[in-house]
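Listed below, chain by chain, are the residues.
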Amino acid sequence: MRDFLVVESLIGKKGLFWIVISVVLSLILALLEYCIAVAIQILIYSFGLTKEHHLPGIVSQYVEYINSNTAIYILLSVSLIRFVSQFLNNLSPSVLNELVNARMRILRVYDILLSANKEKPSSAELLSHISEIFPKAGAFLFHTTRVVSIGLQVGVIFVVMVLTAWKESLLSGCLLFFLALIMYVLQAKVKEKAGHVPRLNKQMMDDISQVLRNWVFIKISRTENRMSHRLYESIFMYFDKVVKTAIFNHATAAVAPFAGSISICMIIFASQTYFATQASSLLIFLYLFVRFNQQLTVLSQSIGVANSVYPHFKEVSSFVKKFSIEDVRGELKIADRLDVFPTINMEKIINEPKKISHEEYYCDISPPRLKLNNISYAWDKKVKIFEDFSIDVKPGEQLAIVGRSGSGKSTLLSLILGLIDPIVGAVRIDNMSPNEYLKKFGSRIAYAGVDPYLTSGSIRENIIFGMESQISEDEINQAVKASALAEDISSMQGGLDYKLSEGGDGLSAGQKQRISFARAILRKPKILILDEATANLDTDTEKSIIQSVKKLHGKCTVVMVSHKKESIKYADKKIVLSSRKDLPTRYSNKF
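Residue positions are given per chain, counting from 1 as you read along its sequence in written order. The predicted origin of the model limits local features to residues at a pLDDT of at least 70 and limits the giving and counting of side-chain atom pairs to 80 or more, whereas totals for whole chains, interfaces and linings rest on all residues. Each side-chain value is derived from all of the structure's non-hydrogen atoms; neither hydrogens nor water enter the calculation.

Here's the deal with the nonpolar core
To keep it simple, the criterion reads: The term nonpolar core refers to a set of buried residues drawn from Ala, Val, Leu, Ile, Met, Phe, Trp, Tyr and Cys, joined through side-chain atoms within 4.5 Å. Only protein chains enter the area calculation, which uses a 1.4 Å probe; residues under 20% of their type maximum are buried, those over 50% are exposed, and those in between are partly exposed. By the convention used here, residues are in contact when the closest approach between their heavy atoms is within 4.5 Å.
Counting 37 residues, the largest nonpolar core has Ile459, Ile463, Ile515, Leu528 and Leu530 as the members making the most contacts within it. Setting aside its immediate chain neighbours within four residues, isoleucine 459 contacts Ile489, Met492, Gly495, Leu496, Tyr498, Leu500 and Ile515.

Shown next as structure tokens:
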């Protein structure tokens with residue numbers, strides 16, 4: 001039942017609509033194939049090429065009055081209807097595929113940014129999902145839909161074949177039985193090889209991501225050959241399984257037309273030698289059998305592809321199952337606005353926050369009190385980071401967190417921000433949980449980190465990024481001055497309107513950090529989080545930033561993470577974290 005609800009959530013109402021369209025059109029197409037066979041027979045009869053016919057009762061009564069021109073019009077009309085039906089029938093699975101892909105991507109965005117999930121996914125996992133898993137999971141539903149629709153066509157055509165020439169149909173059925181056995185063996189091979197593909201793809205993405213993260217180290221340590229061989233191994237293993245899957249898959253598709261050609265020869269021989277079937281009936285049967293065999297080829301291809309990408313769909317199913325069905329349906333309501341023919345209005349789809357008044361945005365609220373009450377935390381509930389740890393930061397005070405790499409600085413910051421929850425104890429900001437405080441006063445919380453987020457656009461646009469109120473030029477200039485950016489910006493062409501590329505390429509690491517700091521100051525925050533925010537600054541610039549932070553004392557509760565003594569010398573409280581198990585985690589008023 002759970003699996004059915006997952007599929008239903010991924011497909012959605014519009015996806016279900018296109019599935020129904022595909023099924024209905026498949027039945028129509030099967031009947032149109034018979035109509036074309038009848039129209040061809042009428043055309044041959046109207047030209048006098050045969051004196052016998054095998055037509056339905058009502059058609060046989062009027063066939064004598066149909067001339068060749070009328071017969072051509074009938075055949076063209078039926079062919080035109082078939083063309084439109086075939087177009088829509090082919091379109092339906094493609095639209096379903098893209099709808100499902102869009103819904104999976106929306107759910108992935110929800111998982112990263114909006115859900116209660118506090119585990120940050122790896123870049124390799126995201127890359128694997130977006131580039132490999134989601135498209136192939138969509139392909140599974142695409143080809144499954146085709147299997148259903150084409151299977152219906154094949155079934156109806158076979159019934160009409162039986163009604164037209166049952167002996168020939170029985171013979172073709174026996175031949176198809178042996179064809180099905182061959183296809184079953186080949187598909188078992190497809191399933192075996194395809195089962196390894198998602199794991200090997202993820203391993204390849206992990207290896208590539210690891211190389212990109214540690215590129216400088218690999219170059220300096222002269223381990224290029226070792227890492228390149230590791231990547232080659234991942235690439236070759238992935239290639240091997242994908243190609244072998246493709247070989248058995250295409251072998252399955254090639255068997256059907258080959259078997260069809262042999263079947264036609266055997267059917268004609270048996271029909272003329274043993275069955276004595278009328279030429280007109282045999283003509284209709286052969287046309288239907290050719291179309292039957294063509295559709296059977298497409299069916300075998302779709303079965304093969306669906307089988308090869310089923311492991312990817314299983315992985316997506318496992319991903320969706322970690323959410324409640326109610327959450328999935330609620331978040332995917334936005335996908336119901338996707339449509340095929342009308343132009344999508346992004347303004348209607350994405351509800352951007354409305355700009356609020358300057359006075360409302362900068363309403364006078366007091367800096368909050370931050371308390372950690374007897375918290376304990378352990379990674380995977382095994383590696384203890386904190387145990388029975390407490391601290392009380394009064395409103396407007398400045399807290400410094402220092403320690404060696406791996407001592408828990410980032411973990412403590414994540415606990416304070418509510419990105420992770422303590423196993424025992426509680427984090428309170430003005431007697432609220434971090435998430436409650438963020439929801440109520442999120443606009444007055446600012447963050448500046450060691451790796452600033454910069455988007456393509458002007459420096460001005462990057463500084464005011466995320467602001468929910470109109471900002472004056474004077475306020476921007478004050479933030480620029482406080483972040484020691486004024487001189488740098490004045491030397492750039494266009495000043496604040498100087499265009500940046502995605503990620504701020506072309507700027508120094510220090511300039512990027514100061515833009516991030518200016519963005520934080522512009523918010524006039526009541527909580528300011530500085531995570532190694534001066535790590536890439538020279539001494540003079542760092543002193544200027546420190547003075548700006550010092551001026552916030554009493555106006556803003558500051559939490560700063562740093563390994564530099566100079567950056568935290570004005571802090572009211574300092575938490576010194578140790579990575580040594582024999583030294584307890586502690587805090588003091590002295591560094």
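That was the structure; now back to the text.
Digging into the confidence of the model for the protein
How we decide: pLDDT measures the predictor's confidence residue by residue and takes values from 0 up to 100.
Counting all residues, the mean pLDDT for the protein is 80, and 89% of those residues have values of 70 or more. Low pLDDT, under 50, characterises residues 342–350; the predicted model gives this stretch six contacts beyond four residues in sequence or across chains. Within the model, pLDDT remains below 50 along residues 580–591, and this stretch shows 22 contacts once partners closer than five positions in the same chain are excluded.

Examining helix α19 (residues 539–550)
Note the threshold: Helix and strand assignments come from DSSP, with helices taken as H or I runs of at least 4 residues and strands as E runs of at least 2, each series counted from the N terminus. Multiplying 1.5 Å by the helix residue count minus one yields the expected span of that helix. Regarding the arc, it is the one traced by the directions from the helix axis to the C-beta atoms.
Here α19 spans 16 Å end to end across twelve residues, near enough to the 16 Å set by a 1.5 Å rise per residue. Here α19 has its buried residues at Thr541, Glu542, Ile545, Ile546, Ser548 and Val549. Seen along its axis, α19 keeps its buried residues to an arc of 160°; they face one direction. Among the exposed residues of α19, those oriented more than 90 degrees off its buried face are Thr539 and Asp540.

Thoughts on the packing of aromatic side chains
Worth spelling out the cut-off: Under the pairing criterion, centres of Phe, Tyr and Trp rings, with the six-membered ring standing for Trp, must be within 6.5 Å; the plane angle then separates stacked pairs below 30 degrees from edge-to-face pairs above 60, leaving the rest tilted.
Tallied over the entire structure, the rule returns 14 aromatic pairs. Between phenylalanine 269 and tyrosine 274, the ring centres sit 6.2 Å apart and the planes meet at 80°, which makes this aromatic pair edge-to-face. Where phenylalanine 285 meets phenylalanine 289, the ring centres are 6.2 Å apart and the plane angle is 15°; that geometry is what we call stacked. Here phenylalanine 285 and its partner phenylalanine 289 are both found in helix α9 (residues 279–321), four residues apart, which amounts to about one turn of the helix. Comparing phenylalanine 285 with phenylalanine 289, the two get one shared label, buried.

What about helix α16 (residues 473–482)?
Regarding α16, the residues found buried are Glu475, Ile476, Ala479, Val480 and Ala482. An end-on view of α16 places all buried positions within 165° of arc, on one side of the element. A positive backbone phi angle near 60° is found at alanine 484, which sits one or two residues after α16.

Quick look at the pairing of strand β5 (residues 445–449)
Put simply, the rule is: The pairing criterion is simple: DSSP has to find at least two bridges between the two strands.
The buried count for β5 comes to four of five residues, which makes it a mostly enclosed element. Sheet topology note: the β5/strand β8 (residues 527–531) ladder contains five bridges and is parallel. Directly across from tyrosine 447, in β8, lies its bridge partner isoleucine 529.

A short note on the pattern of salt bridges
Applied cut-off: One speaks of a salt bridge when a side-chain nitrogen belonging to Lys or Arg is within 4 Å of a carboxyl oxygen belonging to Asp or Glu.
Applying the stated rule across the entire model yields 13 salt bridges. Across the pair lysine 244 and aspartate 240 runs a salt bridge, and its minimum N-O distance is 3.3 Å. Placement of the pair is lysine 244 and aspartate 240 together in helix α8 (residues 224–275), with a separation of four residues, close to one helical turn. The network of salt bridges with common partners includes Glu33, Arg82 and Arg291.

Things to note about the pairing of β8
So the rule is basically this: Consider the strands pointing away from the viewer: the crossover is right-handed when the path from the first strand over the helix to the second runs clockwise.
Of all five residues in β8, five are buried, a share of seventy percent or more. Relative to strand β9 (residues 557–561), β8 runs parallel, the two sharing five bridges. Residue pairing in the sheet places leucine 530 in a bridge with methionine 560 of β9. In the classification by handedness, the crossover that spans β8, the intervening α19 and the parallel β9 is right-handed.

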